[in-house]
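# A closer look at the structure
Spelled out from the first residue to the last, the chains are:
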Amino acid sequence: MLNDSKPEKVRYGRSQKFRLSEKGNEAVKAYEVTIAAARSGHGRAEFDAARKAWSAPRGLAPEDAQYLVEFGVAGHTLKEAADALRDCGTSAKDVKDATERLIGFGMLEAVPAS
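Let me begin by describing the structure that accompanies this report. Computed from a predicted model, the values in this text were never measured in an experiment.

## As for the environment of L102
Mapping L102 onto the fold places it in helix α5 (residues 92-104). Accessibility expressed as a relative area gives 0% for L102, which makes it buried. C-alpha of L102 to C-alpha of Y67: the two residues are 35 residues apart in sequence and 8.8 Å apart in space. Aside from chain neighbours lying at most four places away, what touches L102 is L60, D64, Y67, L68, M107 and L108.

In structure tokens, the structure reads:
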């Protein structure tokens, strides 16, 4: 008999910090190059097109870049990342959902307890 149940979600404690994986670091570097090239363009449309060009081959959403960049600054808890991104109109739920998605893509990893 096949097990049709969904895989169990991994739960992390409030103090759990997350950081970029090697794959996430590579994605952020590529993002920075892509956005730098778009700055020579003309306005928001060029920026949006560059974000889509960066995200599509990785299977990510364009807005995932903001999460990767934020976690690349330093290891953050979900609350710290949400606080840092609040001015971008990002909610705590958005950060949690993005973190789970980016862990699934191998872009983020949990920081081992010291």
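## A few points about helix α3 (residues 64-73)
Listing the buried residues of α3 in full gives D64, A65, Y67, L68, E70 and F71. Buried residues along α3 sit in contact with β1 (18-20), α1 (22-38), α2 (44-55), α4 (78-85), α5 and β2 (108-110).

## A few points about the packing of aromatic side chains
Tallying each qualifying case throughout the model produces 2 aromatic pairs. With 6.4 Å between their ring centres and 85° between their planes, F18 and F71 make a pair best called edge-to-face. Residue F18 is located in strand β1, and its partner F71 is located in helix α3; the two are separated by 53 residues in the primary sequence. Of the two residues examined, F18 and F71, each falls in the buried class. Measuring from centroid to centroid gives 5.1 Å for Y31 and W54, while their planes differ by 70°, and the two rings are edge-to-face. Residue Y31 is found in helix α1, and its partner W54 is found in helix α2; the two are separated by 23 residues along the sequence. With respect to burial, Y31 and W54 carry one shared label: buried.

What counts as what
Numbering of residues starts from 1 in each chain and follows the order in which that chain's sequence is written. Reporting of local features is limited, given that this is a predicted model, to residues whose pLDDT is at least 70; pairs of side-chain atoms are given and counted only at 80 or more, and all residues count toward the totals for whole chains, interfaces and linings. The basis for every side-chain value is the complete set of heavy atoms in the structure, and neither hydrogens nor water enter the calculation. The numbering of helices and of strands both runs from the N terminus, where a helix is a DSSP run of H or I of at least 4 residues and a strand a run of E of at least 2. The cut-offs for exposure are 20% and 50% of the maximum accessible area for each residue type, with area from a 1.4 Å probe on protein chains only; residues under the lower value are buried, those over the upper are exposed, and the others partly exposed. Should any heavy atoms of two residues lie within 4.5 Å, those residues are counted as being in contact. For Phe, Tyr and Trp, rings pair up if their centres lie within 6.5 Å, where Trp contributes its six-membered ring, and each pair is then called stacked (planes under 30 degrees apart), edge-to-face (over 60) or tilted (otherwise).

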